[in-house]
Amino acid sequence: INAEYMGFYSDRKRMQSFGGFNKNVPPPKNVRLPTALEQVNDAEKFKEEGNECFKQGQYEEAGNHYNRAIIYLKSILPVSRDPDYKPILPRDETNTLDEVNLQRAYNLLAILLSNKAEIYIRNGEYIAAVEAAKTSFETAPTLKALTRKGVALQQLGKKQEAIAAFQEALKMEPGNQSVKQKLAELNA
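Quantities reported herein were computed from a predicted structural model and do not represent experimental measurements.

Scoring rules and cut-offs
- Residues numbered from 1 in each chain as written.
- Predicted model: local features only at pLDDT ≥ 70, side-chain atom pairs only at ≥ 80, totals over all residues.
- Heavy atoms only, no water.
- Core = buried A, V, L, I, M, F, W, Y, C linked by side-chain atoms within 4.5 Å.
- Buried < 20%, exposed > 50% of the residue type's maximum accessible area, 1.4 Å probe, protein only.
- Helix = DSSP H or I, 4+ residues; strand = E, 2+ residues; numbered from the N terminus.
- Phe/Tyr/Trp six-rings, centres within 6.5 Å; stacked < 30°, edge-to-face > 60°.
- Salt bridge = Lys/Arg side-chain N within 4 Å of Asp/Glu carboxyl O.
- Axes fitted to C-alpha atoms, helices over the stretch in contact; angles between N-to-C directions.
- Parallel < 35°, antiparallel > 145°, perpendicular 65-115°, else oblique.
- Left-handed = near helix turned anticlockwise from the far one by under 90°.
- Contact = heavy atoms within 4.5 Å.
- Nonpolar A, V, L, I, M, F, W, Y, C, P; charged D, E, K, R; others polar.
- pLDDT = per-residue confidence, 0-100.

A. The arrangement of the nonpolar core in detail. Ranked by size, the top nonpolar core spans 21 residues in total, and within it Leu 73 and Leu 112 carry the most contacts. Elements with a minimum of two residues in this core: helix H3 (36-55), helix H4 (59-74) and helix H5 (99-122). A total of seven residues in this core trace back to one element, the largest contributor, which is H5.

B. Looking closely at the packing of aromatic side chains. Considering all chains together, one arrives at two aromatic pairs under this definition. An angle of 90 degrees between the planes, with centres 5.3 Å apart, marks the rings of Phe 46 and Tyr 72 as edge-to-face. One end of the pair, Phe 46, is in helix H3; the other, Tyr 72, is in helix H4, and 26 residues separate them in sequence. On the basis of relative accessibility, which here comes to 2%, the residue Phe 46 falls in the buried class.

C. The arrangement of the pattern of salt bridges in detail. A full pass over the atoms with the stated rule returns six salt bridges. Here Lys 47 makes a salt bridge to Glu 44, at a shortest N to O gap of 3.6 Å. Note that Lys 47 and Glu 44 are positioned in helix H3 at a spacing of three residues, about one turn of the helix. The buried category is assigned to Lys 47, whose relative accessible area is 11%. The salt bridge partner of Glu 118 is Arg 122, with a shortest N-O separation of 2.8 Å. Placement of both Glu 118 and Arg 122 in helix H5 is noted, with a separation of four residues, approximately one turn of the helix. Glu 118 sits in the buried class, given a relative accessible area of 16%. By relative accessible area, Arg 122 is classed as partly exposed at 45%. Connected through shared salt-bridge partners, Glu 44, Lys 47 and Glu 48 make up one network.

D. The packing of H5 against helix H6 (residues 126-139), seen in detail. In the contact formed by H5 and H6, the axes pass within 8 Å of each other and the chain directions differ by 165 degrees. Classified by the angle between their axes, H5 and H6 sit roughly antiparallel to one another. When you trace H5 past H6, the crossing you get is left-handed. Seen from H5, the contacting residues are Tyr 106, Leu 109, Ala 110, Leu 113, Ser 114, Ala 117, Tyr 120 and Ile 121; seen from H6, they are Tyr 126, Ala 128, Ala 129, Ala 132, Ala 133, Thr 135, Ser 136 and Thr 139. Here the residues of the contact of H5 with H6 sort into twelve nonpolar, four polar and no charged.

E. Broad picture of the packing of helix H8 (residues 159-172) against helix H9 (residues 177-187). At a minimum axis separation of 9 Å, H8 and H9 run at an interaxial angle of 155 degrees. Taken together, H8 and H9 sit at an angle that is classed as roughly antiparallel. Handedness of the H8/H9 crossing: left-handed. For the pair H8 and H9, contact is made by Lys 159, Ala 162, Ile 163, Phe 166, Gln 167, Ala 169 and Leu 170 and by Val 179, Lys 180, Lys 182, Leu 183, Leu 186 and Asn 187, respectively.

F. Quick peek at the confidence of the model for the chain. The pLDDT averaged across the chain works out to 82; a share of 76% of its residues lies at or above 70. When the elements of the chain are averaged for pLDDT, helix H2 (residues 12-17) gives the smallest value, 44, and helix H7 (residues 143-155) the largest, 96. Low pLDDT, under 50, characterises residues 1-20; the stretch is placed with 31 contacts to residues that sit more than four places away or in other chains.

Set out below in structure tokens:
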């Protein structure tokens, strides 16, 4: 990871003085920007570091690693997959992701957002959990995103919306016992 690059983008004061991530403001001279593929690889490393922290119950630290990875990916990917999207960091034709790595990046982003939803649930931040799970599912539909959305909605007392999320999850994986159990709890 290029330390100067990270220092530039993590320094809030400097970002504010540059007007945030303004694509019309170039990065400092003599700083090599990482390639799109390097950013995906670095995001994967941050995810793994976050997973280790999560396993140890260090949820805030895990969230910080996930956030860092999300920022890396969002700087090169449009979450909405809008074909007219222009990434924050300009890329030339030789510095783009091939289809396999592009899909890998979207899947990674979805996992990171789903992991953030789990952290929000554990911290009792259910509204944020719903939003993270929803964005995760929109990025790359997964069972985990739907079940985490359902759990957060259940905790918010939104029973019908939670049931809908779990039913949609059951369509993805009809034999999933955990989802069936959650639905049974809600219907009891």
